[in-house]
Amino acid sequence: MARGTPAGSWLKVVESSAYALGVAPLALAYAATFALLWQSASWRARTTRLAPAGRMALTNYLSQTVVALTLFYGIGLGLMGHVGPTWWPLLVVTVITAQVAIGRWWLARFAFGPMEWIWRQATYGRRLPLRRAAVDS
């Protein structure tokens with residue numbers, strides 16, 4: 001469309017519009033699916049394992065950006081265009097599994113994820129403790 005080619009440009013507009021209109025309903029569908037799964041006791045035990053990733057959502061979002069930049073762009077391995085979509089599910093599962101494991105480890109020691117801690121301090125305008133309070137046995 002930027003080059004001014006009229007052939008197929010209307011199709012790009014339709015495609016972009018459908019994508020833009022479909023993102024919010026898809027996100028709501030994901031959230032609704034997790035909410036429905038949470039209602040079942042057997043699924044609650046499974047979905048609870050993902051809680052650390054949810055509690056560190058901002059940190060995970062930013063770390064996914066760093067991982068993608070490192071893997072795909074020239075500042076890292078430069079794999080863009082060299083790794084096909086067949087490998088994407090493996091990459092996604094690997095990154096999410098690592099984030100859940102790191103999140104579980106981190107939250108056992110600290111009250112918040114690192115970026116969540118910074119965000120909360122900026123929001124509240126005061127210094128908050130990061131370390132978890134020691135629990136007496």
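A brief look at the structure comes next. (Residues numbered from 1 in each chain as written. Predicted model: local features only at pLDDT ≥ 70, side-chain atom pairs only at ≥ 80, totals over all residues. Heavy atoms only, no water.)

## Considering the packing of helix H4 (residues 57–72) against helix H5 (residues 88–109)
Between H4 and H5, the shortest axis-to-axis distance is 11 Å and the interhelical angle comes to 135 degrees. The orientation of H4 with respect to H5, classified from their angle, is oblique. In this structure, H4 meets H5 at a crossing whose hand is right-handed. Residues Asn-60, Ser-63, Gln-64, Val-67, Leu-71 and Phe-72 of H4 touch H5, and the partners they reach there are Leu-91, Val-95 and Gln-99. Partitioning the contact of H4 with H5 into residue classes produces five nonpolar, four polar and no charged. (Axes fitted to C-alpha atoms, helices over the stretch in contact; angles between N-to-C directions. Helix = DSSP H or I, 4+ residues; strand = E, 2+ residues; numbered from the N terminus. Parallel < 35°, antiparallel > 145°, perpendicular 65-115°, else oblique. Left-handed = near helix turned anticlockwise from the far one by under 90°. Contact = heavy atoms within 4.5 Å. Nonpolar A, V, L, I, M, F, W, Y, C, P; charged D, E, K, R; others polar.)

## Describing the layout of surface pockets
Considered as a void within the structure, the largest pocket measures approximately 340 Å³ in volume. Considering the residues around the largest pocket, the lining is formed by 14 residues, among which Leu-50, Ala-53, Gly-54, Ala-57 and Asn-60 are closest to the centre. For the lining of the largest pocket, the elements supplying multiple residues, two or more each, are helix H1 (9–39), helix H2 (41–48), helix H3 (51–55), H4 and H5. Examining the composition of the lining of the largest pocket, we find that four residues originate from one element, H4, more than from any other. Here the lining of the largest pocket is built from residues that sort into eight nonpolar, six polar and no charged. If you trace the second largest pocket, you find it lined by Gln-64, Val-67, Ala-68, Leu-71, Phe-72, Trp-88, Leu-91, Val-92, Val-95 and Ile-96. Secondary structure elements with two or more residues in the lining of the second largest pocket: H4 and H5. Grouping the amino acids of the lining of the second largest pocket by side-chain chemistry returns nine nonpolar, one polar and no charged. (1 Å grid on protein atoms, 1.4 Å probe; cavity = no way out; pocket = protein on both sides within 12 Å on 5 of 7 lines; lining within 4 Å. Points joined across faces, edges and corners; volume = space filled by probe spheres on them.)

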